[in-house]
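Listed below, chain by chain, are the residues.
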Amino acid sequence: MTRNFILLFVTALFSHALLGQTKSLQHNDVKRKYIVYTPKGYDPGTSRKYPVIFNFHGGGMTPAEQMLYTQMNRTADQHNFIAVYPKGIKEDWNVGFGMSYKKGTDDMGFVEALLNQIEKDYKVDPKKVFATGLSRGGFFCHRIAAELPHRFSAIATAGASLPDSVAYYHKDRGEIGVLMVHGKADVVVDYAGKEGGYFSALKSYQYWQKQNYSTTDKEKMSKLDQNKNDQTSAEIIETKTGKKYVTLISIENAGHTWPGADDFNIGLPIGLTSKEIDFNEYMWAFFNKQE
């Protein structure tokens, strides 16, 4: 995902972006930035606790661009959750390829420190902390799922399957919900996987099915092809593993995009944006059915 893609529509969506508050956190002697958006219904004076969704940008993007593209603030207003948009160093995340998994940027330490700060500053339901991300940010969500299942209840990724390094270093899998959506025509992150980089979408789904000490229910399958003005169709496979759900949405003809987002990719080689699902709404429902 490139910055040029997002810049096509920054102006159109700018007014909504102003509602986010930019903050910083010192981690390992580095000032790390992030944006926090509290929904219109947020009331710090009550005993109510709010869910939190961390939304990780793609490589080369900024938190503001991720916020603009996914339009998650609108979903936060509708469902009353806090949205957090962290910033990677040099607009990147340590996912184990492109930098050393063990010796590269300590993004995992940053995320845990940031979550601690968010829980200190806001009224957070610790049982409803989730992560989502696009492309490089989605790869990073898989690492979060592997290393922080005790802090995050579920993840949802777009255009990002399981990095080889995550599978290599984490043979044990704690229970966590995993939702993946992947376009079959994605030319940026190949649906079929990449040797030395990341698993295929299907193999990633199968990896997360096998969680520790969990029984796996019978797999359910469904299809979506209701939008007649859309050139895409979706196939959904889902399994309940222990108390968590693992879901893969494979979208025929779709590219490296966020399903349900606006079409601002004219002339860019990232493919079609499916309108068969609203990914924000689908992931919110997915997050909320985790036990």
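As the structure is a computational prediction, the values presented were derived from the model and not from experiment.

J.: Any chance you could explain the nonpolar core here in plain terms?
T.: Side chains of nonpolar character tend, in soluble globular proteins, to be buried together. Counting 51 residues, the largest nonpolar core has Phe-54, Phe-56, Ile-82, Ile-118, Ile-144, Phe-152 and Trp-208 as its most contacted members. Residue contacts for Phe-152: discarding those within four places in its chain leaves Phe-54, Val-111, Leu-115, Val-129, Phe-130, Ala-131, Ile-144 and Ile-176. Membership of the second largest hydrophobic core comes to 32 residues, among which are Ala-154, Ala-254, Phe-279 and Trp-284.

J.: How do you make sense of the packing of helix H5 (residues 107-121) against helix H6 (residues 136-147) when you look at a structure like this?
T.: The packing of two helices is summarised by the inter-axis angle and the distance between the axes. The interhelical angle for the contact between H5 and H6, taken along N-to-C directions, is 70°, at an axis separation of 11 Å. Judged by the inter-axis angle, H5 sits roughly perpendicular to H6. Note on element contacts: H6 touches H5 through Phe-140, Arg-143, Ile-144 and Glu-147, opposite Asp-107, Met-108 and Val-111. Split into classes, the residues belonging to the contact of H5 with H6 amount to 4 nonpolar, no polar and 3 charged.

J.: In this structure, what is going on with the environment of Arg-48? I would like to understand it.
T.: The topology assignment puts Arg-48 in the loop between strand E2 (30-37) and strand E3 (50-56). By relative accessible area, Arg-48 is classed as partly exposed at 40%. C-alpha separation for the pair Arg-48 and Val-84, spaced 36 residues apart in sequence, amounts to 19 Å. Beyond its immediate sequence surroundings of up to four residues, Arg-48 is in contact with Asn-80 and Lys-123.

J.: Explain the packing of helix H4 (residues 72-79) against helix H9 (residues 279-288) to me, please; I cannot follow it from the model alone.
T.: Relative orientation of the contacting elements H4 and H9 amounts to 45°, with a least axis distance of 10 Å. Taken together, the axes of H4 and H9 are oblique relative to one another. Of the two possible hands of crossing, H4 and H9 adopt the one that is right-handed. Across the interface between the two elements, Met-72, Thr-75, Gln-78 and His-79 from H4 touch Asn-280, Glu-281, Met-283 and Trp-284 from H9. Across the contact of H4 with H9, the residue classes break down as 3 nonpolar, 4 polar and 1 charged.

J.: Please explain helix H3 (residues 63-70) as it appears in this structure.
T.: Given 3.6 residues to a turn, an α-helix orients residues that are three or four positions apart in the same direction. Among the 8 residues that make up H3, 7 are buried, leaving the element largely enclosed by the rest of the structure. Taken together, the buried positions of H3 are Pro-63, Glu-65, Gln-66, Met-67, Leu-68, Tyr-69 and Thr-70. Gln-71 occupies a position one or two residues after H3 and carries a positive phi of about 55°.

J.: Mind showing me how you'd approach the environment of Pro-259 here?
T.: Relative to the helices and strands, Pro-259 resides in the loop between strand E10 (244-252) and H9. On the accessibility criterion, Pro-259 (3% relative accessible area) is buried. Separated by 171 residues in sequence, Pro-259 and Gly-88 have C-alpha atoms that sit 23 Å apart. Discounting chain neighbours no more than four positions away, the residues touching Pro-259 are Val-181, Ile-251, Thr-273, Ser-274, Ile-277, Asp-278 and Phe-279.

J.: Would you mind going over the pairing of strand E8 (residues 220-224) with me for this structure?
T.: Remark: a regular strand shows side chains that alternate across the two faces of the sheet. Counting buried positions along E8 yields 0 of 5 residues, so the element is predominantly exposed. Across 5 bridges, E8 lies against strand E9 (residues 233-241) in antiparallel orientation. Counted as the bridge partner of Lys-220 is Glu-238 from E9.

J.: Sorry, what's going on with the sheet that holds strand E1 (residues 21-27) here?
T.: Hydrogen bonding along the main chain pairs the strands of a sheet, whether they run parallel or antiparallel. What the 10 strands build is an open sheet, ordered E1-E2-E4-E3-E5-E6-E7-E10-E9-E8; its pairing is mixed. The open sheet has two free edges, formed respectively by E1 and E8, since each of these has just one partner strand. Going from strand to strand, the sheet's axes swing by 20° on average, the running direction of each strand aside. Pairing between E2 and strand E4 (residues 82-86): 4 bridges, direction antiparallel. The residue bridging Ile-35 from the neighbouring strand is Tyr-85, located in E4. Against the sheet, helix H8 (residues 201-209) touches strand E7 (177-183), E9 and E10, its axis set at about 175° to E10.

Definitions and limits used
- Residues numbered from 1 in each chain as written.
- Predicted model: local features only at pLDDT ≥ 70, side-chain atom pairs only at ≥ 80, totals over all residues.
- Heavy atoms only, no water.
- Core = buried A, V, L, I, M, F, W, Y, C linked by side-chain atoms within 4.5 Å.
- Buried < 20%, exposed > 50% of the residue type's maximum accessible area, 1.4 Å probe, protein only.
- Contact = heavy atoms within 4.5 Å.
- Axes fitted to C-alpha atoms, helices over the stretch in contact; angles between N-to-C directions.
- Helix = DSSP H or I, 4+ residues; strand = E, 2+ residues; numbered from the N terminus.
- Parallel < 35°, antiparallel > 145°, perpendicular 65-115°, else oblique.
- Nonpolar A, V, L, I, M, F, W, Y, C, P; charged D, E, K, R; others polar.
- Left-handed = near helix turned anticlockwise from the far one by under 90°.
- Pairing = 2+ DSSP bridges.

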